[in-house]
Amino acid sequence: MLWLKRLVLALVVLLVVIQVVRPSRSNPVVDPKNEMSASLAVPPDVAAIFARSCNDCHSNRTIWPWYSTVAPASWLVAFDVNQGRSELNFSEWGMADPKKRADALEGICKELTEKEMPGPIYPILHPTAKLTDADIQTVCRWTQTVRPGAGAGTNQTNP
Ligand code: HEC
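Presented here is a report on the structure given in the accompanying data block. Note that the coordinates shown come from a computational prediction; the quantities given were computed from them, not determined experimentally.

1. Description of the coordination of the iron atom of the ligand
Argument step 1. Around the iron atom of the ligand, the protein contributes the donor atoms H58 (NE2) and M117 (SD), which lie 2.0 to 2.3 Å from the metal centre.
Argument step 2. Of note is the iron atom of the ligand, whose six donor atoms meet at the metal with angles of 83 to 177° in an arrangement that counts as octahedral. Remark: M117 occurs in the loop between α6 (98-113) and α7 (122-125) and H58 occurs in helix α4 (residues 55-58); sequence separation between them is 59 residues.
Argument step 3. A residue is classified by how much of its surface remains accessible, and H58, at 12% relative accessible area, is buried.
Argument step 4. Of the residues examined, M117 reaches a relative accessible area of 39% and is grouped as partly exposed.

2. Looking at the site of the ligand
Argument step 1. In the vicinity of the ligand there are 17 residues, among which S53, C54, C57, H58 and M117 approach most closely.
Argument step 2. Using a 2 Å cut-off from the grid points, one finds that the ligand occupies the largest pocket.

3. Looking at the side chain of N60
Argument step 1. Following the sequence through the fold, N60 ends up in the loop between α4 and α5 (73-87).
Argument step 2. One polar contact links N60 to E92, side chain to side chain, over a distance of 3.0 Å.
Argument step 3. Sequence-distant contacts of N60, defined by excluding residues within four places in its chain, comprise N27, P28, V29, V30, R85, N89, S91 and E92.

4. A few points about the state of the cysteines
Argument step 1. Evaluated as defined, the whole model comprises one disulfide.
Argument step 2. Each sulfur of the disulfide joining C109 and C140 lies 2.2 Å from the other. Measuring handedness by torsion sign, the sulfur bridge of C109 and C140 sits at about 100° and is right-handed. With C109 in helix α6 and C140 in helix α8 (residues 133-146), the pair connects residues that are 31 residues apart, well separated along the chain.

5. Observations regarding the pattern of salt bridges
Argument step 1. Scanning the model with the defined rule gives six salt bridges in all.
Argument step 2. The partner of D135 in a salt bridge is R52, and the shortest N-O contact between them spans 2.9 Å. Here D135 is found in helix α8, whereas its partner R52 is found in helix α3 (residues 44-53), with 83 residues between them in sequence.
Argument step 3. Residue D133 is joined to K115 by a salt bridge in which the shortest nitrogen-to-oxygen separation is 3.1 Å. With D133 in helix α8 and K115 in the loop between α6 and α7, this pair connects stretches of sequence that are 18 residues apart.
Argument step 4. The exposure class of D133 is exposed, given its relative accessible area of 55%.

Conventions and cut-offs
Residues numbered from 1 in each chain as written. Predicted model: local features only at pLDDT ≥ 70, side-chain atom pairs only at ≥ 80, totals over all residues. Heavy atoms only, no water. Donors = N, O, S within 2.8 Å, 3.2 Å for Na, K, Ca; no water. Tetrahedral: all angles 85-135°; square planar, octahedral: opposite > 155°, others 65-115°. Helix = DSSP H or I, 4+ residues; strand = E, 2+ residues; numbered from the N terminus. Buried < 20%, exposed > 50% of the residue type's maximum accessible area, 1.4 Å probe, protein only. Near = heavy atom within 4 Å. 1 Å grid on protein atoms, 1.4 Å probe; cavity = no way out; pocket = protein on both sides within 12 Å on 5 of 7 lines; lining within 4 Å. Sits in = over half its atoms within 2 Å of the grid points. Polar contact = N/O pair within 3.5 Å; in protein donor to acceptor, adjacent residues only side chain to side chain. Contact = heavy atoms within 4.5 Å. Disulfide = S-S within 2.5 Å. Salt bridge = Lys/Arg side-chain N within 4 Å of Asp/Glu carboxyl O.

This is the structure in structure tokens:
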């Protein structure tokens, strides 16, 4: 079983060596005037759903878990957060152009309805992130009322 000992040793050495590559785990400073809630009325129930299920990847208020300090998990987590923030960042909502914001609102309801977000793995590690059908409805009703051109306040959708 010498080969097994060697293999385990090699894996341990590898695990130690890869720790050298440390992705940055930054939370850029949040400017309150760029928060989504500064330009849109976000009701408390919707805000609570975003907070427990989306903020870690879609805001600058990421709570970095302990395993995000250990490679290779750290690489995966940092990659997800960077990708997530570039698609949709609640903390930098005010800096996005109107088209991107309208797309994002539509995308939020779509991703939830299709059960694409918050993804398959995140809710396993964060059980409170799981969304019920009622949660999804709550979010979709909201995105439909605030989306420019959809319902409330415009006559575009009314005959
Ligand atoms: C574990 C990290 C993570 C969580 C949690 C998460 N997302 Fe994402 N999200 C991503 C990543 C990464 C992408 C970009 C890649 C992709 O589209 O799959 C993304 C993309 C998106 C997009 C753009 C999709 C597109 O293709 O246009 C929307 C909208 C979105 N997420 C909404 C949400 C909402 C709403 C929640 C909370 C219910 C959420 N996400 C939770 C990581 C996450």
